[in-house]
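The primary structure of each chain is shown beneath.
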Amino acid sequence: MTAQPEGGFEPLTLDHARAWIATARPGASIVYGRGVIASEAARPEVAAWLYAQASKGFVSLVQRRVTVNGRQVFEYIAQRIAKRLDPAEPLSPGREFPARPGPPAHGKTRHVALQRQRAEDAWQSQFERAFA
């Protein structure tokens, strides 16, 4: 069954969901469906893909009750978590892997520089595995 717009709301498309998760900062959220029943509130392919991303730790899926046209419905929301994306899994055609971490900031302690170097090394090894 396809999702029906609730109160003028158009459910999120899979392409839009992929683009959002690739660019969203931690703490950002997006409404991917609205309705009384979860299975009818969002597009099935979007809900399944977001659920898979939630099981990998990239998003949290939450809901909140809202009133639309005098009727109580739920908004189904994806919230971005701080976990980095895996470059081995393409998220959208224009973004095949996450951005490389920047160089250590000037004046930071050696400890912070080592943490950034470890992050750079981890990114490099993920990149090499993805394109090996």
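Treat the numbers as computed from the prediction; the structure is a model and nothing was measured.

1. Section: the pattern of salt bridges
Thinking step 1. A full pass over the atoms with the stated rule returns 3 salt bridges.
Thinking step 2. For E10, the salt bridge is made with R43, and the minimal N-O distance between the two is 3.0 Å. Here R43 lies in the loop between helix 2 (38-41) and helix 3 (44-55) and E10 lies in the segment before helix 1 (14-23), a separation of 33 residues in the sequence.
Thinking step 3. According to the relative accessible area criterion, R43 is partly exposed, its value standing at 22%.
Thinking step 4. For the salt bridge of E75 with R34, the shortest nitrogen-to-oxygen distance reads 2.8 Å. Taken as a pair, E75 in strand 3 (residues 71-80) and R34 in strand 1 (residues 29-35) lie far apart in primary sequence, 41 residues in all. Of the two residues examined, E75 and R34, each falls in the buried class.

2. What about the nonpolar core?
Note that soluble globular proteins tend to have their nonpolar side chains buried in a common cluster.
Thinking step 1. Grouped together as the largest cluster of nonpolar side chains are 16 residues, with contacts concentrated most on L12, W20, I21, Y32, V46, L50 and A78.
Thinking step 2. Contributions of two or more residues to this core are made by helix 1, strand 1, helix 3 and strand 3.

3. Some points on the sheet that holds strand 2 (residues 59-68)
Thinking step 1. As summarised here, the arrangement of the 3 strands in space is 1-3-2, forming an open sheet in which the pairing is antiparallel. Sheet topology places strand 1 and strand 2 at the edges, where each strand pairs with a single neighbour. The mean angle between the axes of side-by-side strands here comes to 25°, regardless of whether they run parallel or antiparallel.
Thinking step 2. Judged from the 10 bridges that link them, strand 2 and strand 3 form a sheet pairing that is antiparallel. Looking at the pairing, R65 lines up with F74 of strand 3.
Thinking step 3. Against the sheet, helix 3 touches strand 1, strand 2 and strand 3, its axis set at about 135° to strand 2.

4. With respect to the side chain of R34
Thinking step 1. Here R34 falls in the buried class, since its relative accessible area comes to 15%.
Thinking step 2. A polar atom in the side chain of R34 sits 2.8 Å from the side chain of E75.

5. Some thoughts on unusual backbone geometry
Thinking step 1. A positive phi angle, close to 55°, is found at N69, a residue other than glycine.
Thinking step 2. Tracing the chain through its elements places N69 in the loop between strand 2 and strand 3.

6. Looking at the pairing of strand 1
Thinking step 1. In terms of burial, strand 1 is largely enclosed, as 5 of its 7 residues are buried.
Thinking step 2. As judged from the 6 bridges shared by strand 1 and strand 3, these two strands associate in the antiparallel manner. Bridging across to strand 3, V31 finds its partner in I77.

7. Focus on helix 3
Thinking step 1. Taking 1.5 Å per residue as the helical rise, helix 3 with its 12 residues ought to reach 16 Å, and the 16 Å between its terminal C-alpha atoms agrees with that figure.
Thinking step 2. Looking only at helix 3, the buried set comprises V46, W49, L50 and Q53. Looking straight down helix 3, one finds its buried side chains confined to an arc of 95°; they lie on one side. Summarising the geometry of helix 3, the exposed residues directed more than 90 degrees from the buried face are Y51 and S55.
Thinking step 3. Residues of helix 3 that are buried in the fold lie against helix 1, strand 1, strand 2 and strand 3.

Thresholds, definitions, all that
Residues numbered from 1 in each chain as written. Predicted model: local features only at pLDDT ≥ 70, side-chain atom pairs only at ≥ 80, totals over all residues. Heavy atoms only, no water. Salt bridge = Lys/Arg side-chain N within 4 Å of Asp/Glu carboxyl O. Helix = DSSP H or I, 4+ residues; strand = E, 2+ residues; numbered from the N terminus. Buried < 20%, exposed > 50% of the residue type's maximum accessible area, 1.4 Å probe, protein only. Core = buried A, V, L, I, M, F, W, Y, C linked by side-chain atoms within 4.5 Å. Pairing = 2+ DSSP bridges. Axes fitted to C-alpha atoms, helices over the stretch in contact; angles between N-to-C directions. Contact = heavy atoms within 4.5 Å. Polar contact = N/O pair within 3.5 Å; in protein donor to acceptor, adjacent residues only side chain to side chain. Expected span 1.5 Å × (residues − 1). Arc of directions from axis to C-beta.

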